[in-house]
Amino acid sequence: TVSIIINGEDYQVPKDSTILDVAKEARIHIPTLCHLDLHNLKAVNKAASCRVCMVEVEGRNNLAPACVTKVTEGMNIKTDSIKSIKARRMAVELLLSNHPNECFTCPKNLDCELQSLAKNLGITRIKFDGERKEYAKDTSSSSIVKDPSKCIMCRRCETMCNDVQTCGILSGLDRGFDAIVGPAFNLPMKDTSCTYCGQCVAVCPTAALTEVNATDKVWSAIEDKDKYVVAQIAPAIRVALGEEFGMAPGTIVTGKIATAMKRMGFDGVFDTDFAADLTIMEEASELIHRLENNGTLPMLTSCCPAWVKFIEHQFPELLDIPSSCKSPHIMFGAIAKTYYAEKIGVDPDKIVVVSVMPCIAKKAEAERPELTKDEANNVDLVVTTREFATMIKEAGMDFPNLPDGEFDKLMGESTGASVIFGTTGGVIEAALRTAYEWATGETLEKVDFKQLRGLDGIREASVDLKGKELKIGIAHGLGNARRLLEDIRDGKSHYHAIEIMACPGGCVGGGGQPYHHGDASIVEARHKAIYEEDAGKKLRKSHENPEIIKLYDEFLGKPLGHKSHDLLHTHYEK
Ligand code: HC1
Ligand code: SF4
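All residue numbers here refer to positions counted from 1 along the written sequence of the relevant chain. Chain letters start at A and ligand numbers start at 1, both assigned in the order the entries are written. Only residues with pLDDT of at least 70 get local features here, since the model is predicted, and only at 80 or more are side-chain atom pairs given and counted; chain-wide, interface and lining totals rely on the full set of residues. The basis for every side-chain value is the complete set of non-hydrogen atoms in the structure, without hydrogens or water.

Student: Explain the overall build of the protein here, please?
Tutor: Numbering of helices and strands starts at the N terminus; helices are DSSP runs of H or I of at least 4 residues and strands are runs of E of at least 2. Scanning the protein from N- to C-terminus turns up 19 helices and 19 strands. Computed over C-alpha atoms, the radius of gyration of the protein comes to 25 Å, within 12% of the 25 Å expected from 2.2 N^0.38 for 574 residues, which places it in the range of a compact globule. Taken over the C-alpha atoms alone, the protein extends approximately 80 × 55 × 45 Å along its principal axes. Only protein chains enter the accessibility calculation, which uses a 1.4 Å probe; a residue is then buried when its area is under 20% of its type maximum, exposed when over 50%, and partly exposed in between. When the 574 residues of the protein are sorted by exposure, 60% land in the buried category. Here the Shrake-Rupley method, with its probe set to 1.4 Å, supplies the accessible areas, and only the displayed protein chains count as covering residues. When the accessible area of the protein is evaluated, it comes to approximately 24,100 Å², of which 48% is carbon and sulfur surface. The charge count includes Lys and Arg as positive and Asp and Glu as negative, but it does not include His or the ends of the chains. Where a charge lies is defined by one atom per residue type: Lys uses NZ, Arg uses CZ, Asp uses CG and Glu uses CD. Measuring between centres, the 68 positive side-chain charges of the protein sit 4 Å from its 82 negative side-chain charges. Here the globule rule is a power law, 2.2 Å times the number of residues to the power 0.38, and the radius of gyration is based on C-alpha atoms.

Student: Looking at this model, I keep getting lost on the site of ligand 2. Mind explaining?
Tutor: A cutoff of 4 Å decides nearness: a residue is near a molecule or strand if any of its heavy atoms lies inside that distance of it. Taken together, the neighbourhood of ligand 2 is formed by Ile144, Cys161, Cys167, Ile169, Leu170, Met189, Cys194, Thr195, Tyr196, Cys197, Gly198 and Cys200. Split into classes, the residues belonging to the shell around ligand 2 amount to 10 nonpolar, two polar and no charged. As a working rule, the residues Ala, Val, Leu, Ile, Met, Phe, Trp, Tyr, Cys and Pro are called nonpolar, Asp, Glu, Lys and Arg charged, and the rest polar, with Gly in that last group.

Student: I keep staring at the site of ligand 1 and nothing clicks. Help me out?
Tutor: What surrounds ligand 1 is a group of 16 residues, the closest being Ala234, Ala236, His329, Lys362 and Cys507. N or O atoms closer than or at 3.5 Å make up a polar contact, with two conditions inside protein: a donor-capable atom paired with an acceptor-capable one, and, for residues adjacent in sequence, both atoms drawn from side chains. Within the contact set of ligand 1, an oxygen atom lies 2.8 Å away from a backbone nitrogen or oxygen of Ala236. Between ligand 1 and Lys362, the relevant distance is 3.0 Å, taken from an oxygen atom to a side-chain nitrogen or oxygen of the residue. For the shell around ligand 1, the secondary structure elements donating two or more residues are helix H8 (272–292) and helix H10 (328–344). Grouping the constituent residues of the shell around ligand 1 by class yields 12 nonpolar, three polar and one charged.

Student: Where do I start with the nonpolar core in this structure?
Tutor: For soluble globular proteins, the rule of thumb is that nonpolar side chains tend to be buried together. Leu241, Phe266, Trp307, Ile335 and Phe399 are the most contacted members of the largest nonpolar core, which has 136 residues in total. Here this core takes nine residues from H10, the largest share from any one element. The residue makeup of this core includes at least three contributed by each of domain 2 (133–211) and domain 3 (216–568). In this description, contact between two residues means that some pair of their heavy atoms is separated by no more than 4.5 Å. Each residue touching Leu241, except ones within four places of it in the same chain, is listed here: Val253, Ile257, Thr385, Phe388, Ala389, Ile392 and Phe399. Membership of the second largest hydrophobic core comes to 20 residues, among which are Val13, Cys53, Val55 and Ala66. Here, nonpolar core means buried Ala, Val, Leu, Ile, Met, Phe, Trp, Tyr and Cys residues that are tied together by side-chain atoms lying within 4.5 Å of each other. As used throughout, domain bounds are those supplied by an automatic or database domain assignment.

Student: How should I be thinking about the side chain of Lys541 in this particular structure?
Tutor: Mapped onto the elements of the fold, Lys541 is located in the loop between helix H17 (520–535) and helix H18 (546–556). Residue Lys541 is classed as buried on the basis of its relative accessible area, which comes to 7%. Among the polar contacts listed, one links the side chain of Lys541 to the side chain of Glu437, at a separation of 2.6 Å. Those residues within four positions of Lys541 in sequence are excluded, and the remaining contacts are Thr415, Ala417, Arg433, Glu437, Thr443, Leu444 and Val447.

Student: Just checking my understanding: could you explain the packing of helix H7 (residues 254–264) against helix H13 (residues 385–394) for this structure?
Tutor: The axes of two packed helices give the description: the angle between them and the distance between them. Structural elements are reduced to axes, namely lines fitted to C-alpha atoms, with helices fitted over the stretch in contact, and the angle between N-to-C directions of any two is expressed from 0 to 180 degrees. Packing of H7 against H13 leaves a shortest axis separation of 11 Å and a crossing angle of 60°. One finds that H7 runs oblique with respect to H13. Our pair here, H7 against H13, has a crossing hand that is left-handed. When H7 is examined against H13, the residues Ile257, Ala260, Met261 and Met264 are found in contact with a partner set consisting of Phe388, Met391 and Ile392. Taken together, the residues of the contact of H7 with H13 sort by class into seven nonpolar, no polar and no charged. Should an angle fall under 35 degrees it is called roughly parallel, over 145 degrees roughly antiparallel, and 65 to 115 degrees roughly perpendicular, with every other angle called oblique. For any helix crossing, the convention is left-handed if the near helix is rotated counterclockwise from the far helix by under a right angle, and right-handed if that rotation is clockwise.

Student: Looking at this model, I keep getting lost on the pattern of salt bridges. Mind explaining?
Tutor: Here the idea is simple: oppositely charged side chains can pair when their charged atoms come close. Each salt bridge in this description consists of a side-chain nitrogen of Lys or Arg and a carboxyl oxygen of Asp or Glu lying within 4 Å of one another. In the structure shown here, the tally under the stated rule is 33 salt bridges. Ionic pairing is found between Asp534 and Arg540, a salt bridge with its closest N-O pair at 2.7 Å. When sorted by exposure, Asp534 lands in the same class as Arg540, which is buried. Three or more residues are tied together by salt bridges with common partners; here these are Glu429, Arg433, Asp448, Arg453, Asp534 and Arg540.

Student: What am I meant to see in the sheet that holds strand E18 (residues 468–476) here?
Tutor: Note on sheets: strands pair through backbone hydrogen bonds, and any given pair is parallel or antiparallel. Spatially, four strands are ordered E14-E19-E18-E17 in an open sheet, and the strand pairing comes out mixed. Bordering the open sheet on either side are strand E14 (299–300) and strand E17 (458–465), each of which pairs with just one other strand. By the convention used here, strands pair only if DSSP detects at least 2 bridges between them.

Student: Can you walk me through a nonpolar patch on the surface in this structure?
Tutor: Like charges within 9 Å and nonpolar side chains (Val, Leu, Ile, Met, Phe, Trp, Tyr) within 5 Å are joined into patches, using only residues over 30% in relative accessible area that form no salt bridge. Taken together, the side chains of Met90, Leu94 and Phe128 make up a nonpolar region of the molecular surface, amounting to roughly 260 Å² of accessible area. In this fold, Phe128 is placed in the loop between helix H3 (113–120) and strand E8 (144–146). A residue is classified by how much of its surface remains accessible, and Phe128, at 31% relative accessible area, is partly exposed.

Treat this as a map of the structure, not an account of what it does.
So this is what it looks like as structure tokens:
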């Protein structure tokens, strides 16, 4: 350790720490902007470009950026001197002088870190009134809008895309006043290998990167009396949406969501969890089929669209290993426009399926040619958790005080197995709960496969299927996925089944979830809540869902049968 003084008080702190780290530990607030510490993901943004965290160090002429300056023995630091406060304000005023002046209509209004910093530093006018750089927005993709005029060169997106996701899409372009972050040659996002995971959006402090907003389209569909609009919510929404209304991370709000959707005017209010149970019926059957018939192994889960795009771009030679199952929300759309349409006697062309997802990639997924080749698209519109929260606010609902409602019949029932889809390891655990019973013919008494759980980036476990060992691999975050895929490509993988989710934490950490500003404890709280919701469910295994049993009895026949093949499976080609 070393002895230092901060704001007149003595501290013993670990050698090699930064001033910012030790200040945090001492509960001394130093404002930051570009700084992003994702220690749980082993990534730190060290750009030190914003000059907001400047502090005074005795004996030095210049102020020091606290985020990258290491403490040394005897260092005497002042974080709150007039000189450092003035320097911070100057740094932010300079940023604002080259930033569009449109907070009212900005998608990040009240969620913007630059905006709140300006407020907290007491900035009430912009001193420097020079030329502002303006760039065209990139609206080429169905998932992400890039608005370089709002880029403050913090490089957080770059750290996320390159160091965590290993996709290498975003980097600094040009220099000085013209500098922005973007894809090489400033290509439109749709012409890059971007997976639309949205992790760059999740960490962008301003609105330089945001999701494509579909809320107006959803309201118009609801307003259109000719349309029959059904909504579904993803597993991970129920443990995160409350945050948008001041509720603690991990608060379970499933019932309130059902009520909110009904009050918004949706004709049918459903749960993607129903479709996750359906996915397990097909995916567990596919796994057993591959195991028993010398099929391609390992089998990889395929419900995460960013991960599917990643394998298409980065490992096209491995495209035969993901499961052929469509993702749950897409399966939901297919069943809503066939079975459900038939049951309620509505023309499928009139049905509009809206997915509420924690994910930005789901927007582009819903437009994939493989999934839209039928006359009716499987899913018509996708909004993120954040967009859905905005809709609830627009409708003036007091969300935390809404009564609990229920999802509608036919596609609203779900089991604990489907809930855990929302976090890393959950899909494979759900598949095992069913595959175990089908492969062994025995009842699985203990449904909690604790060995598959946790938040380590890569995990492995082996499960005994009555004498047959099943080896499971799990990765979340695309950098971790890359490591498992490299092993498969090089013939070094020993797994039978692998679950991959593109976002750190799985869907609970999705790019469309309430902003967590890099705070790992928020994703952790959502992760815990998912298992809590699972434990509280009466039914815990997908094949026990009575609405799923009815769906097979009355419509689909059997898993991997003809109808399933047509409606629920696909084939991805680059
Ligand atoms: Fe997910 Fe899925 S779990 S992909 O992570 O398989 O987005 O929540 O909806 O489709 O069910 C996301 C979550 C979600 C699908 C399911
Ligand atoms: Fe990179 Fe994901 Fe952002 Fe695309 S969406 S630029 S892959 S972080």
